[in-house]
Amino acid sequence: MIDGKLRTEMVDCARRLHARGWVANHDGNLSARLAPGRFLCTPTATSKAEVTAEGLVIVDDTGARVSGGKPFSEIGLHLTVYRQRPDVKAVVHAHPVTATGFAVAGCALDVPFLAEAVVSLGPDVPLVPTAAPGPASEQALLPFAATHDAVLLGGHGVLAWGDSIQQAYLRVDLVEHLCRIFLVAQQLGGARPLPQAMMATLLEARRRAGLGPQARGLAPAPKEAAKPAAAATPTSRDDLANLIREEIAAAMRK
């Protein structure tokens, strides 16, 4: 049952990537954690518009085929993320035009200019140094996998991961959206960083939403001013959205 649901979600996501023009030819790849040591992924040499549930591949934690056709050659990048992040359930790689333009130009999104994005992705979307396919590119990605949820791959495209295929896809979507905004801002004189006073509040909202390295205990939580009462932990998407709005409004008043 889990296998069937994942297959349906992966096919739907693959076709959305193609429909939005984020992949061409045989570009892009998707994977999902199926069971301990088992991963479901898209096959190589297949347009994402033509991926089928029956054509998906199962590999082990070395990337070797368990069932199905031939896995894509970049499976090592996905496995690098899974090894560093036991919480990650899916990885999506695509070439959305604007974000990939940033990647091939060697430009990171290292200016936190949109409050909601800081909560969703953290203060930056880093640029992974350009490296040859295979072990070199996996080694280049390694330092970023534990601390980020999306990266720009130098000379390549976007790689994002999350607790579901949908979340990984939406993170690719957000990276592309941010790159488009940043590019427009550059034409108007440049994106202005958010006030430093806001950052601790936004990162605390991120932590309380269960996102980022602080939420996983990999870094100390950002300091913020004491509050009369502890805020409730969000229990739904609406609660999380309200929390983010409240945190941003509080930061703006400071």
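Right above here is the structure, for reference.
Just so it is clear, the model here is predicted, and its values are computed rather than measured.

**Digging into the pattern of salt bridges**
Here is step 1: What the rule picks out here adds up to 9 salt bridges.
Here is step 2: Residue aspartate 87 is joined to arginine 85 by a salt bridge in which the shortest nitrogen-to-oxygen separation is 2.9 Å.
Here is step 3: A salt bridge links arginine 206 to aspartate 149, with the nearest nitrogen and oxygen atoms 3.1 Å apart. Here arginine 206, found in helix α7 (residues 196-208), pairs with aspartate 149, found in the loop between α5 (135-145) and β7 (150-153); they are 57 residues apart in sequence, far enough to count as distant. Of the two residues examined, arginine 206 and aspartate 149, each falls in the buried class.
Here is step 4: When salt bridges with common partners are traced through the structure, they connect Arg85, Asp87, Asp149, Arg171 and Arg206 into a single cluster.

**Describing helix α2 (residues 75-84)**
Residues three or four positions apart in an α-helix share a direction because the helix packs 3.6 residues into each turn.
Here is step 1: Counting buried positions over the 10 residues of α2 gives 8, a clear majority of the element.
Here is step 2: Restricting attention to buried positions, one finds in α2 the residues Ile75, Gly76, Leu77, His78, Leu79, Thr80, Val81 and Tyr82.

**Brief notes about the side chain of threonine 98**
Here is step 1: Structurally, the position occupied by threonine 98 is in helix α3 (residues 97-105).
Here is step 2: For threonine 98, a relative accessible area of 17% translates into the label buried.
Here is step 3: Among the polar contacts made by the side chain of threonine 98, one reaches the side chain of glutamate 176 at a distance of 3.1 Å.

**Some words on α5**
Here is step 1: When we look at burial in α5, the residues that qualify are Ser137, Ala140, Leu141, Phe144 and Ala145. Angularly, the buried residues of α5 cover 140° about the axis, an arc narrow enough to put them on a single face. Projecting away from the buried face of α5 at angles above 90 degrees are the exposed residues Pro135, Gln139 and Pro143.
Here is step 2: Against α2, β6 (127-128), β7 and β8 (157-162) lie the buried residues of α5.

**Regarding the sheet that holds β7**
Here is step 1: One open sheet accounts for 8 strands, arranged β4-β3-β2-β1-β5-β8-β7-β6; its pairing is mixed. One side of each edge strand has no neighbouring strand; the edge strands of this open sheet are β4 (65-67) and β6.
Here is step 2: Pairing geometry for strand β2 (residues 38-41) and strand β3 (residues 57-60), over 4 bridges, is antiparallel. By the bridge assignment for β3, arginine 38 is matched with aspartate 60.
Here is step 3: Contacts between α3 and the sheet are confined to β5 (90-94), β6, β7 and β8, with β7 contributing the most and set at about 60° to the helix.
Here is step 4: Helix-sheet contacts for helix α6 (residues 165-187) involve β1 (29-35), β5, β7 and β8, and the interaxial angle to β8 is about 140°.

**Looking at unusual backbone geometry**
Here is step 1: Despite not being glycine, asparagine 25 shows a phi value in the positive range, around 55°.
Here is step 2: The residue asparagine 25 is located in the loop between α1 (2-19) and β1 in this model.
Here is step 3: Taking the relative accessible area as the measure of exposure, asparagine 25 reaches 60% and is therefore exposed.
Here is step 4: Despite not being glycine, alanine 45 shows a phi value in the positive range, around 55°.
Here is step 5: In this fold, alanine 45 is placed in the loop between β2 and β3.

**Brief notes about the nonpolar core**
Here is step 1: In terms of nonpolar packing, the biggest core is built from 40 residues, with Leu17, Leu30, Leu109, Leu152, Ile165 and Val175 touching the most fellow members.
Here is step 2: Those elements that provide at least two residues to this core are α1, β1, β5, α3, α4 (115-121), β7, β8 and α6.
Here is step 3: Among the elements that line this core, the one with the most residues is α6, at 10 residues.
Here is step 4: Sequence-distant contacts of valine 175, that is, excluding residues within four places in its chain, are made with Ala99, Leu109, Leu121, Val125, Ala150, Leu152 and Val158.
Here is step 5: The next biggest cluster of nonpolar side chains, apart from the first, holds 21 residues, and it includes Val57, Leu79, Val91 and Leu159.

**With respect to the packing of α3 against α6**
Here is step 1: At a closest axis distance of 7 Å, the pairing of α3 and α6 adopts a crossing angle of 75°. Considering the angle they form, α3 stands roughly perpendicular to α6. Across from Val97, Thr98, Ala99 and Phe102 in α3, the residues of α6 making contact are Val175, Glu176, Cys179, Arg180, Phe182 and Leu183.
Here is step 2: Of the residues that constitute the contact of α3 with α6, the class distribution is 7 nonpolar, 1 polar and 2 charged.

Parameters at a glance
Residues numbered from 1 in each chain as written. Predicted model: local features only at pLDDT ≥ 70, side-chain atom pairs only at ≥ 80, totals over all residues. Heavy atoms only, no water. Salt bridge = Lys/Arg side-chain N within 4 Å of Asp/Glu carboxyl O. Helix = DSSP H or I, 4+ residues; strand = E, 2+ residues; numbered from the N terminus. Buried < 20%, exposed > 50% of the residue type's maximum accessible area, 1.4 Å probe, protein only. Polar contact = N/O pair within 3.5 Å; in protein donor to acceptor, adjacent residues only side chain to side chain. Arc of directions from axis to C-beta. Contact = heavy atoms within 4.5 Å. Pairing = 2+ DSSP bridges. Axes fitted to C-alpha atoms, helices over the stretch in contact; angles between N-to-C directions. Core = buried A, V, L, I, M, F, W, Y, C linked by side-chain atoms within 4.5 Å. Parallel < 35°, antiparallel > 145°, perpendicular 65-115°, else oblique. Nonpolar A, V, L, I, M, F, W, Y, C, P; charged D, E, K, R; others polar.

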